[in-house]
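Given next are the chains, with one letter for each unit.
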Amino acid sequence: MTGEVPTWEEVARTHGRFLYNVAYRLSGNDDDAFDLVQEALLRVRKGLETYQPGSLEAWLSRIVTNVFLDEVRRKRRRPVEVLPEDPERLLPSSPGADEATEGLSDDVQTALRRLPEEFRTAVVLCDVVGLSYEEIADAISVPVGTVRSRIHRGRRLLRTALR
Amino acid sequence: MIPSGGYPRTPRHTGPGGQHLDDTLSAYLDDELAPAARHEAEAHLAGCVDCRAELDEVAAARRAIRILPVHATARPLVGIGPFVGHPRAPGAVRPATSRRRAVWALAAAVAAAIAVVLPRDPQVAPSLPSLADSHAARASITGDPLTQLAPIAVPVRFGP
């Protein structure tokens with residue numbers, strides 16, 4: 001789709017799955033991922049008028065990441081108790097808790113979810129989305145050197161958690 | 001969220017080939033180094049056991065994330081799905097934020113647009129089960145989340 005401006009319906013239809021996967025890896029749970037995608041699609045709809053044809057997935061990643069970071073900031077301003085119906089946020093995933101990921105994938109997802117948000121964001125944008133360091137720096141408004149440090153430290157923490 | 005004292009950093013100290021590579025290792029794995037820096041890193045790695053071990057560690061973490069399967073959802077991503085059939089415990093209802101209201105507004109706008117092209121004044125209301133079946137079947141065939149908006153757009157009149 002590079003080179004032309006897609007319609008919002010095309011984005012929702014053809015990139016919804018991509019957006020959802022990124023949102024899930026960023027947020028760590030299905031409920032929040034779902035909400036993130038809803039908000040991201042709203043912003044996509046508003047932003048398509050000014051979208052410059054290029055890497056659509058990089059643009060979408062930036063949008064869903066900004067939605068995620070906005071939500072993180074909002075929760076920090078207004079901390080709330082973890083809701084009792086979301087026990088998976090507190091506990092390691094149990095067998096059958098998530099049919100889409102099993103075994104090792106569960107362990108990796110759990111370790112990823114437990115990374116500090118700033119490390120998780122950098123690692124997801126690099127290793128799940130496949131953005132370059134410069135694209136990540138642009139997406140989260142930090143210097144490239146900070147991106148490099150966060151990715152490396154995130155990976156080291158992840159590796160430690162997986163031992 | 002950052003613990004007091006910050007997260008542990010890779011200790012920096014000078015080895016036989018200069019400073020340990022630290023986060024240069026990830027940049028090396030990601031092919032983010034300029035050619036000269038890459039050659040320097042490779043020269044250091046050739047003589048530094050610690051950095052080779054750390055390279056293996058971060059490479060394993062990198063690989064583990066990259067082979068994660070795409071995580072999908074069966075719920076429609078566009079439309080009325082997010083807050084339907086998704087029970088929360090009593091008393092734990094999230095506050096209606098402007099974001100959620102905006103989502104509903106968008107869903108309503110899309111539904112209204114779809115309603116324009118659908119029959120406006122049906123003489124006989126379809127039964128709810130048949131309506132649900134037809135839309136579930138259509139959605140399962142097309143895989144198109146947008147079609148799942150259709151049920152709320154049909155002007156239904158029940159009874160005589």
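Thresholds, definitions, all that
- Residues numbered from 1 in each chain as written.
- Chains lettered and ligands numbered in written order.
- Predicted model: local features only at pLDDT ≥ 70, side-chain atom pairs only at ≥ 80, totals over all residues.
- Helix = DSSP H or I, 4+ residues; strand = E, 2+ residues; numbered from the N terminus.
- Buried ≥ 20, exposed ≤ 12 C-beta atoms within 10 Å, placed from the backbone.
- Expected span 1.5 Å × (residues − 1).
- Arc of directions from axis to C-beta.
- Axes fitted to C-alpha atoms, helices over the stretch in contact; angles between N-to-C directions.
- Parallel < 35°, antiparallel > 145°, perpendicular 65-115°, else oblique.
- Left-handed = near helix turned anticlockwise from the far one by under 90°.
- Contact = placed C-beta atoms within 7 Å.
- Nonpolar A, V, L, I, M, F, W, Y, C, P; charged D, E, K, R; others polar.

A. Spotlight on unusual backbone geometry. All names here are of chain B. Even without being glycine, D22 reaches a positive phi, approximately 50 degrees. With respect to the secondary-structure elements, D22 resides in the loop between strand 2 (18-19) and helix 1 (24-29). Located in the positive-phi region is D31, a residue other than glycine, with phi close to 55 degrees. With respect to the secondary-structure elements, D31 resides in the loop between helix 1 and helix 2 (35-47). With 8 C-beta atoms counted inside 10 Å, the residue D31 sits in the exposed group.

B. Quick look at helix 3 (residues 49-66) of chain B. Residue and element names in this part refer to chain B. With 18 residues, helix 3 ought to run about 26 Å at 1.5 Å a step, and its terminal C-alpha atoms sit 26 Å apart, in line with that. For helix 3, the complete set of buried residues consists of C51, E54, V58, A61, R62, A64 and I65. Buried residues of helix 3, seen end-on, are gathered within an arc of 165 degrees and therefore sit on one face of the element. Seen from the buried face of helix 3, the exposed residues on the opposite side, beyond 90 degrees, are V49, A53, D56 and R66.

C. Highlighting helix 2 of chain B. Look at helix 2 of chain B: 19 Å from first C-alpha to last across 13 residues, which is about the 18 Å you get at 1.5 Å a residue. Among the 13 residues in helix 2 of chain B, one count as buried, and that is only a small part of the element.

D. Layout of the packing of helix 3 (residues 56-77) of chain A against helix 6 (residues 133-140) of chain A. Residue and element names in this part refer to chain A. Where helix 3 contacts helix 6, the two axes come as close as 9 Å, and the packing angle between them is 40 degrees. As summarised for this structure, helix 3 and helix 6 are arranged oblique, according to the angle between their axes. Pair helix 3 / helix 6 crosses with right-handed handedness. In this structure, helix 3 contributes A58, S61, R62, T65 and L69 to the contact, and helix 6 contributes E135, A139 and I140. Grouping the amino acids of the contact of helix 3 with helix 6 by side-chain chemistry returns four nonpolar, two polar and two charged.

E. Region of interest: the packing of helix 6 of chain A against helix 7 (residues 144-162) of chain A. Residue and element names in this part refer to chain A. Here helix 6 crosses helix 7 at 105 degrees, and the two axes come no closer than 8 Å. The angle between helix 6 and helix 7 places the two elements in the roughly perpendicular class. Between helix 6, through Y133, E134, I136 and A137, and helix 7, the contact on the second element is made entirely by V144, V147 and R148. A class-by-class count of the residues in the contact of helix 6 with helix 7 yields five nonpolar, no polar and two charged.

F. Representation of the environment of A:T121 in the model. Residues and elements named next belong to chain A. Secondary-structure assignment places T121 in helix 5 (residues 117-129). Judged by C-beta crowding, with 25 C-beta atoms within 10 Å, T121 ranks as buried. Apart from the residues within four sequence positions on either side, T121 is in contact with L26, T65 and I140.

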